[in-house]
Amino acid sequence: MKTMTLPNTTLEVSDIILGLMRIEPLSDEGIRSLVGAARDSGINFFDHADVYGGKPHQCERRFGEAVTFSTEERAAVTIQSKVGIRSGFWDYSKEHILESVDKSLAALQTEYLDILLLHRPDALVEPDEVAAAFDTLLAAGKVRNFGVSNHTPGQVELLKRSVTQPLIVNQVQLSITHAPLIAAGMAANMAGLDQSIDRDNGILDYCRLNDITLQAWSPFQKGFFDGVFLGDRETYAELNDVIDQLAKSYDVPPAAIAVAWITRHPAHMQVVLGTTNVEHLRDSAAGSDVPLTREEWYRLFTAAGHILP
């Protein structure tokens, strides 16, 4: 498992993250087995959000009930959560951020979050309130680092007018087939080509220029929760052929190739795996160690339907 030091931090983290949004129905033993398999695979990063589960903080609570870390074990892992999504609206008021983090800490049964992310852009965000909340959380030792999720460069810059802490992470949707943040730049300035449309205002280049680590969620999704592309030969026959060929060549499962396509990128992205299946977790995590060549990376890119002008 490859690791990296997150820029502007001392956090040494795996490039694969275990996402916990689906653990609510698991038994305590099932959660412990999943977390144990992740640790055995070299994963030391766990991703939560206050909204995950049937009610607020439910998945965090299930994790906290099932998994007990010693002081030494807690120091060896990174726990990240998110705030801002409420029922029918977004809320980045200082009051809500502080209240939600307190509830996350209680649910997770931990004294601090290593990273707190703003979950989705809020049209009514007031950066001064966010900054005040972050200052309070940092001073109290409740949150050590901060970031965002699904934010454009302009939205990050707006926050930075008030927020003094580095925003170290931007978690975004990315897979071989859902890759506008990469594909648009490959076809820039081509009139009439949908791929050339910049849908995110240059997130990839902005994050690389500003030492913000991209975290890729839904690494197997065809689109926005449209199902997985692995094994879908009706829509992605050529892509699956290439994936299977490379999987055989590297002696890894197909899921590992899909993950390797993301971890191969020089932006040093992390991949969030949201599975609760231990076998699928291990298969996918194996992608961290697959050193795709440039030619192989581009074969996957074009087999997914993206254009090289």
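Okay, so let's go over this structure. (Residues numbered from 1 in each chain as written. Predicted model: local features only at pLDDT ≥ 70, side-chain atom pairs only at ≥ 80, totals over all residues. Heavy atoms only, no water.)

## Considerations on the overall build of the protein chain
Under the convention used in this document: Put simply, DSSP H or I for four residues or longer makes a helix, DSSP E for two residues or longer makes a strand, and each gets a number counted from the N terminus. Here the globule rule is a power law, 2.2 Å times the number of residues to the power 0.38, and the radius of gyration is based on C-alpha atoms. Classification of residues uses two cut-offs on accessible area relative to the type maximum, computed with a 1.4 Å probe and protein chains only: under 20% is buried, over 50% is exposed, and between them is partly exposed. Pairs of residues are marked as contacts when any of their non-hydrogen atoms sit within 4.5 Å. Residues counted as positive are Lys and Arg, residues counted as negative are Asp and Glu, and His and the chain ends are not counted. Throughout, a charge is located at the NZ atom of Lys, the CZ atom of Arg, the CG atom of Asp or the CD atom of Glu.
Across its full length, the protein chain carries 12 helices and 12 strands. Computed over its C-alpha atoms, the radius of gyration of the protein chain comes to 19 Å, within 12% of the 19 Å expected for a compact globule of 309 residues. Seen through its C-alpha atoms, the protein chain measures out along the principal axes to roughly 50 × 45 × 35 Å. Counting across all 309 residues of the protein chain, residues that qualify as buried make up 53%. Sequence-distant contacts in the protein chain: of pairs separated by 6 or more residues, those separated by 24 or more amount to 73%. Across the protein chain, the 26 positively charged side chains and the 41 negatively charged ones have centroids separated by 1 Å.

## Concerning the pattern of salt bridges
Keep this limit in mind: Salt bridges are defined by distance alone: a side-chain nitrogen of Lys or Arg within 4 Å of a carboxyl oxygen of Asp or Glu.
Tallying each qualifying case throughout the model produces 14 salt bridges. A salt bridge links E29 to R32, with the nearest nitrogen and oxygen atoms 3.4 Å apart. You can see E29 and its partner R32 sitting in helix α1 (residues 28-40), three residues apart, about one turn around the helix. Look at R32 and you get partly exposed, because its relative accessible area is 38%. Connected through shared salt-bridge partners, D28, R62 and E65 make up one network.

## Notes on helix α5 (residues 127-139)
Our working rule: Each helix should span, by expectation, one fewer than its residue count multiplied by 1.5 Å. What the arc measures is the spread of directions leading from the helix axis to the C-beta atoms.
With 13 residues, α5 extends 18 Å between its outermost C-alpha atoms, agreeing within 8% with the 18 Å of an ideal straight helix rising 1.5 Å per residue. Inspection of α5 places P127, V130, A131, A133, F134 and L137 among the buried residues, and these make up the whole buried set. One face of α5 carries all of its buried residues, which in axial projection span an arc of 165°. Exposed positions of α5 whose direction lies more than 90 degrees from the buried face are D128 and A139.

## Focus: the sheet that holds strand β4 (residues 45-47)
Formally: In this scheme, strands are said to pair when DSSP sees at least two bridges between them. The angle between two axes is taken between their N-to-C directions and runs from 0 to 180 degrees, where each axis is a line fitted to C-alpha atoms and a helix contributes only its stretch in contact.
Around the barrel, which closes on itself, the eight strands sit in the order β3-β4-β5-β8-β9-β10-β11-β12 with parallel pairing between neighbours. Put simply, the sheet's adjacent strands are angled 25° from each other on average, direction ignored. Sheet topology places strand β5 (residues 78-83) next to strand β8 (residues 115-118); four bridges connect them, and they run parallel. Across the sheet, residue S81 finds its bridge partner in β8, namely L116.

## Observations concerning the environment of S81
Going by this rule: Polar contact is defined as a pair of N or O atoms within 3.5 Å, subject to the rule that within protein one atom must be able to donate a hydrogen and the other to accept it, and that residues adjacent in sequence are counted only when both atoms are side-chain atoms.
Residue placement: S81 occurs in strand β5. Taking the relative accessible area as the measure of exposure, S81 reaches 0% and is therefore buried. For the pair S81 and P153, spaced 72 residues apart in sequence, the C-alpha to C-alpha distance is 21 Å. Residue contacts for S81: discarding those within four places in its chain leaves H48, A49, D50, E60, S104, L113, I115, L116 and L117. Polar side-chain contacts of S81 include one of 2.5 Å to the side chain of E60.

## Notes on the side chain of Q173
Within the secondary structure layout, Q173 lies in strand β10 (residues 167-173). One polar contact links the side chain of Q173 to the main-chain carbonyl oxygen of G223, over a distance of 2.6 Å. Non-local contacts of Q173, meaning those with residues more than four positions away in its chain, are made with N150, H178, L181, W217, S218, Q221, G223, F224 and F225.

## Overview of helix α9 (residues 237-250)
Here α9 is 14 residues long and its end C-alpha atoms lie 20 Å apart, about the 20 Å a rise of 1.5 Å per residue gives. Residues L239, N240, V242, I243, L246 and A247 constitute the buried set of α9. Viewed end-on, α9 has its buried residues packed into an arc of 160°, placing them on one side of the element. Set apart from the buried face of α9 by more than 90 degrees, the exposed residues are E238, K248 and S249. Where α9 is buried, its residues contact α10 (254-263) and α12 (294-303).

## Looking at the pairing of strand β9 (residues 146-149)
Put simply, the test is: The crossover handedness rule: strands pointing away from the viewer, path from first strand over the helix to second strand clockwise, crossover right-handed.
Residues of β9 alternate between two faces, with F146 and V148 on one and G147 and S149 on the opposite face, all of them buried. Sheet topology note: the β8/β9 ladder contains three bridges and is parallel. From the neighbouring strand, L117 faces β9, where its bridge partner is G147. Crossover β8 to β9 through α5 is right-handed. Here β9 pairs with β10 via three bridges, running parallel. Directly across from V148, in β10, lies its bridge partner N170. Taken together, β9, helix α6 (residues 153-160) and β10 constitute a β-α-β crossover, and its handedness is right-handed.

## Focus: the packing of helix α2 (residues 58-66) against helix α4 (residues 94-108)
The description of two packed helices rests on the angle between their axes and on the distance between the axes. The following threshold applies: Classification used: nonpolar for Ala, Val, Leu, Ile, Met, Phe, Trp, Tyr, Cys and Pro, charged for Asp, Glu, Lys and Arg, polar for all others including Gly.
Between α2 and α4, the shortest axis-to-axis distance is 6 Å and the interhelical angle comes to 35°. Across the interface between the two elements, E60, R61, F63 and G64 of α2 pack against S104, A107 and L108 of α4. A per-class count over the contact of α2 with α4 returns three nonpolar, two polar and two charged.

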